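Reading the structure
What follows is each chain in one-letter form.
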Amino acid sequence: MTTSTNPYRGLLPDLPAYACTNCGHWQRWPAPGPLTCPVCADVRNALPADGFCFATVDEVDRTVTCQSGPSLLPGVEEHGCGPRFGLDSRGWVLETDAGRLGFECAPWYSDDAISSLRERGGLQVLAASHVHGYGALWRLQEQLEPAVVAVGVRDLEWTKAFRVTWPADDRLELAAGVVLHRTGGHFDGHSVLHDSRHGYLFCGDSLKADLDDEGRPLALSAHKAFHAQIPLSHGELRAYREVVAQLDFGAVLTPFEAVPGVTTDHVVHLVDRLLSGPPDAGPVPMDEL
Ligand SMILES: [Zn+2]
Ligand SMILES: [Zn+2]
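Rules behind the numbers
Residues numbered from 1 in each chain as written. Chains lettered and ligands numbered in written order. Predicted model: local features only at pLDDT ≥ 70, side-chain atom pairs only at ≥ 80, totals over all residues. Pairing = 2+ DSSP bridges. Helix = DSSP H or I, 4+ residues; strand = E, 2+ residues; numbered from the N terminus. Axes fitted to C-alpha atoms, helices over the stretch in contact; angles between N-to-C directions. Parallel < 35°, antiparallel > 145°, perpendicular 65-115°, else oblique. Left-handed = near helix turned anticlockwise from the far one by under 90°. Contact = placed C-beta atoms within 7 Å. Nonpolar A, V, L, I, M, F, W, Y, C, P; charged D, E, K, R; others polar. Buried ≥ 20, exposed ≤ 12 C-beta atoms within 10 Å, placed from the backbone.

Backbone hydrogen bonds hold the strands of a sheet together, and the pairing may be parallel or antiparallel. Pairing is mixed across the open sheet formed by seven strands, whose spatial order is β4-β5-β6-β7-β8-β9-β10. Strand pairing shows two members of the sheet lacking a second neighbour, β4 (65-70) and β10 (166-168), which therefore form its edges. Put simply, the sheet's adjacent strands are angled 20 degrees from each other on average, direction ignored. Relative to β10, strand β9 (residues 148-152) is paired through three bridges, and the arrangement is parallel. Pairing of G152 across the sheet is with A168, part of β10.

Before going further, it helps to spend a moment on the pairing of strand β6 (residues 91-96). Note that strand β5 (residues 76-82) and β6 share four bridges and pair antiparallel. Within the sheet, the bridge partner assigned to H79 lies in β6 and is G91. As judged from the five bridges shared by β6 and strand β7 (residues 99-103), these two strands associate in the antiparallel manner. The residue bridging T96 from the neighbouring strand is G99, located in β7.

Here three strands make up an open sheet; going across it, the order is β15-β16-β19 and the pairing antiparallel. Both edges of this open sheet fall to β15 (208-211) and β19 (284-285), since each of them pairs with a single strand only. Across two bridges, the pairing between strand β16 (residues 217-221) and β19 is antiparallel. Counterpart to A219 in the pairing with β19 is P285.

We now examine unusual backbone geometry. With an omega of 5 degrees, the peptide bond running from A31 to P32 counts as cis. By secondary structure assignment, the location of P32 is in the loop between β2 (26-28) and α1 (38-41). Residue P83 follows G82 across a cis peptide bond; omega there is -10 degrees. With respect to the helices, strands and loops of the structure, P83 is situated in the loop between β5 and β6. Positioned with a positive phi, E104 is a non-glycine residue whose angle comes to about 65 degrees. The backbone of E145 sits at a positive phi, close to 45 degrees, despite the residue not being glycine. By the element assignment, E145 lies in the loop between α4 (137-144) and β9.

Right, let's talk about the packing of helix α5 (residues 234-244) against helix α6 (residues 264-275) for a bit. The packing of two helices is summarised by the inter-axis angle and the distance between the axes. Two elements in contact, α5 and α6, have axes separated by 10 Å at closest approach and are oriented at 160 degrees. If you check the angle between α5 and α6, you find them roughly antiparallel. For the pair α5 and α6, the sense of crossing is left-handed. Touching H234, L237, R238, Y240, R241 and V244 of α5 are T264, V267, V268, V271, L274 and L275, all from α6. A per-class count over the contact of α5 with α6 returns eight nonpolar, two polar and two charged.

The next thing to look at is the environment of G69. Relative to the helices and strands, G69 is located in strand β4. For G69, a count of 8 C-beta atoms within 10 Å puts it in the exposed group.

Let's shift gears to the environment of D195. If you trace the backbone, D195 turns up in strand β13 (residues 191-195). It is 9.4 Å that separates the C-alpha atoms of D195 and L94, two residues lying 101 residues apart in sequence. In contact with D195, not counting residues within four places along its chain, are L94, G177, V178 and Y200.

What follows is the structure, given as structure tokens:
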């Protein structure tokens, strides 16, 4: 994959960044910060019951500790924060022939977390499924300067805190055997990342897995809006099926957890079942899929 240098780099104003304390969404905004959060205001999220509140970079840095290490799935590094902040998203990192590839991001990356990423080779490619997985993507772009930042072009309106260098259409090969596919549905530009080398699907919010105490999947669901329990339309499900049925996988990684044992067949059976009746956002037990 070839990349070009950006002649406009440095010309954008370096406004301070603020995180919504309800969902963790970052906005760059003139001081003293934004009044509302577009992610919380959207139908897919819950509004903060006591009003909007925004944290500065220093406040978030003091509040959370960054953690990283191997994930449940071989070959995938996991980055997160504790205590839980915002949606509590995870950042996944893979080695590829195009360099180290980050998909989705943790809510925050401290200076130590950035140094540790840099020591392991930085990131050459950064991508995300949709806004609920962006976390502090802006911070990784600012600090590690990956050559490629890819997000589905139809979701560009959600990306103002960072700069998309490679707006993705329906299919974009980010590295050999690692391909971004637009599914739409949950968001119009919602995209999944398929790693055919390992048989993993980084499925964004196209799937929700209910897990037991050991992290094994008990049930799967698909939804337009999880909080409000709004199902996907049948047209959205058909478009989703067309993409996912072609991809061979034996594990999925949402923006929140790695789930071994969820296969292409499970997901296709889930979609077929949802298409066989009225739209439904409820969980379907794994043993029925
Ligand atoms: Zn929010
Ligand atoms: Zn989502």
